[in-house]
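Close look at the chain arrangement
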Amino acid sequence: QVQLVESGGGLVQAGSSLRLSCATSGRSGRTFSSYAMGWFRQAPGKEREFVAGITRSGRNTFYADSVKGRFTISRDNAKNTVYLQMNSLKPEDTAVYFCAADWGAVAVSADQSYYDDWGQGTQVTVSS
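Remember, it's a predicted structure, so these values are computed and weren't measured experimentally.

1. Some details on the pattern of salt bridges
- Within the structure shown, the criterion is met by four salt bridges.
- With a closest N to O distance of 2.9 Å, Arg41 and Asp93 form a salt bridge. In this pair, Arg41 sits in strand S4 (residues 35–42) while Asp93 sits in the loop between strand S8 (81–86) and strand S9 (95–103), placing the two residues 52 residues apart along the sequence.
- You can call Arg41 buried: its relative accessible area is 6%.
- One salt-bridge network, held together by shared partners, links Arg41, Glu49, Arg70 and Asp93.

2. Some words on the packing of aromatic side chains
- Under the definition given, this model contains four aromatic pairs.
- A centroid spacing of 5.6 Å and a plane angle of 75° characterise the contact between Phe40 and Phe50, whose relative ring orientation is edge-to-face. Taken together, the residues Phe40 in strand S4 and Phe50 in strand S5 (residues 49–54) connect sequence positions 10 residues apart. Across the pair, exposure class does not vary: Phe40 and Phe50 are buried alike.
- Ring centres 4.9 Å apart and planes at 55° place the aromatic pair Phe40 and Trp118 in the tilted group. In this pair, Phe40 sits in strand S4 while Trp118 sits in strand S10 (residues 117–118), placing the two residues 78 residues apart along the sequence.
- A relative accessible area of 0% places Phe40 in the buried class.
- Among the aromatic residues, those joined into a cluster by ring pairs are Phe40, Phe50, Tyr115 and Trp118.
- Above the plane of the ring of Trp118 lies Arg48, whose end atom (NZ or CZ) is 3.8 Å from the centre.
- Arg75 extends its terminal NZ or CZ atom over the ring of Phe32, reaching a point 4.3 Å from the ring centre.

Conventions and cut-offs
Residues numbered from 1 in each chain as written. Predicted model: local features only at pLDDT ≥ 70, side-chain atom pairs only at ≥ 80, totals over all residues. Heavy atoms only, no water. Salt bridge = Lys/Arg side-chain N within 4 Å of Asp/Glu carboxyl O. Helix = DSSP H or I, 4+ residues; strand = E, 2+ residues; numbered from the N terminus. Buried < 20%, exposed > 50% of the residue type's maximum accessible area, 1.4 Å probe, protein only. Phe/Tyr/Trp six-rings, centres within 6.5 Å; stacked < 30°, edge-to-face > 60°. Lys NZ or Arg CZ within 6 Å of the ring centre and 35° of its normal.

Below, the structure written as structure tokens:
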């Protein structure tokens, strides 16, 4: 099991930006670059949903329609960290944001059942 720790959440006004980070560690024999990574979020009273994903190499990224053009996912395999840059935040972006790791994936999946390990989440609150 790989450990994932998210950080960077907070309370901001609509139109602001935040950068989330997810640092990973653990699981000998499996390097960070062997994991496709995803960001998901769960708003109060709603199901957890896919936000963005990135392939192992970082060459390909995928986004939910609701965040396309505003959010950017990236990774630094040397630092074992994945990021989510969130710009032009809206109140409807308010949620707990989770990062997740999919070991050995050849593609990014929006289906959370494919992900093996999850972080504890970080709260993002956007006020209007």
